[in-house]
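In case you want the letters, here they are:
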Amino acid sequence: MARVRTEEKRAEIVRIASEAFDELGYDRCSMATISERLGGSKATLYGYFCSKEELLRAVLDCQVKSDFDRILHEFHEDKSLRDGLIKLGIAYHKKRLSSLPVANIRCIVNQPPGSTMGTEFYEKVLRPAFADVANQFEELMDEGRLKRADPWVALMHWKGLNDWDLFERRLIGAIAGPEDVDVEKVATLAADAFLKLYGVDEEKRAGKTRKPN
């Protein structure tokens, strides 16, 4: 009888693989290790993913999408644009500087020459996730809360203002994680600088939108 593949089982495999990659490192973690932790046979694992590389792609896809969903949720919690941008920056740093995203980026960087994993990860996972944030900025421009500009460029400016040299320091082990950084200070400075570039005078905006008596 043919085995029936389910989304629940696939999600379980991705979760277990994510934990294993984080704990052991991609190179040291084998498909056999993952199947043992899964409590099933290699045949079950290979029925969902034909290689460890394909499984890593699924792990990255799942993590980035869930992380950006949470980050955007932080952004929407506040009516104040400045406060929302600060929360967005704090959430961004807490995820970007944590152990699992850093370990995953190291996995991609360490792929052999000729590997397409980096390109595929950027085009299919990372860029679409950033595009979702850019779309949020475009909506704010449509509402008159940000100056009209290219939303993607605005997002990259926001990202650059937040990034500083923190990710490079994290990659080389100069800092151990977001706990070594005053992420609120970084996010606040970034939000204020971003609003100087793209912000609008809220009082003037309110005056323009207020209906005459």
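One can find the structure itself at the top, above this paragraph.
Calculation notes
- Residues numbered from 1 in each chain as written.
- Predicted model: local features only at pLDDT ≥ 70, side-chain atom pairs only at ≥ 80, totals over all residues.
- Heavy atoms only, no water.
- Helix = DSSP H or I, 4+ residues; strand = E, 2+ residues; numbered from the N terminus.
- Buried < 20%, exposed > 50% of the residue type's maximum accessible area, 1.4 Å probe, protein only.
- Contact = heavy atoms within 4.5 Å.
- Expected span 1.5 Å × (residues − 1).
- Polar contact = N/O pair within 3.5 Å; in protein donor to acceptor, adjacent residues only side chain to side chain.

### Digging into the environment of Asn-162
Line of reasoning, step 1. If you trace the backbone, Asn-162 turns up in helix α8 (residues 151-163).
Line of reasoning, step 2. Here Asn-162 falls in the buried class, since its relative accessible area comes to 0%.
Line of reasoning, step 3. For the pair Asn-162 and Ile-90, spaced 72 residues apart in sequence, the C-alpha to C-alpha distance is 9.2 Å.
Line of reasoning, step 4. Every residue in contact with Asn-162, bar those within four places of it in the chain, is listed here: Gly-89, Tyr-92, His-93, Val-186, Ala-187 and Ala-190.

### Brief notes about α8
Line of reasoning, step 1. Between its terminal C-alpha atoms α8 stretches 18 Å, which fits the 18 Å expected from 13 residues at 1.5 Å a residue.
Line of reasoning, step 2. Within α8 the residues assigned to the buried category are Pro-151, Ala-154, Leu-155, Trp-158, Lys-159, Asn-162 and Asp-163.
Line of reasoning, step 3. The secondary structure elements touched by the buried residues of α8 are α5 (81-96), α7 (117-142), α9 (166-171) and α10 (183-198).
Line of reasoning, step 4. The opening residue of α8 is Asp-150, an N-cap whose side-chain oxygen sits 2.9 Å from the backbone nitrogen of Trp-152.
Line of reasoning, step 5. After α8 finishes, the residue Trp-164 shows a positive phi value of roughly 50°.

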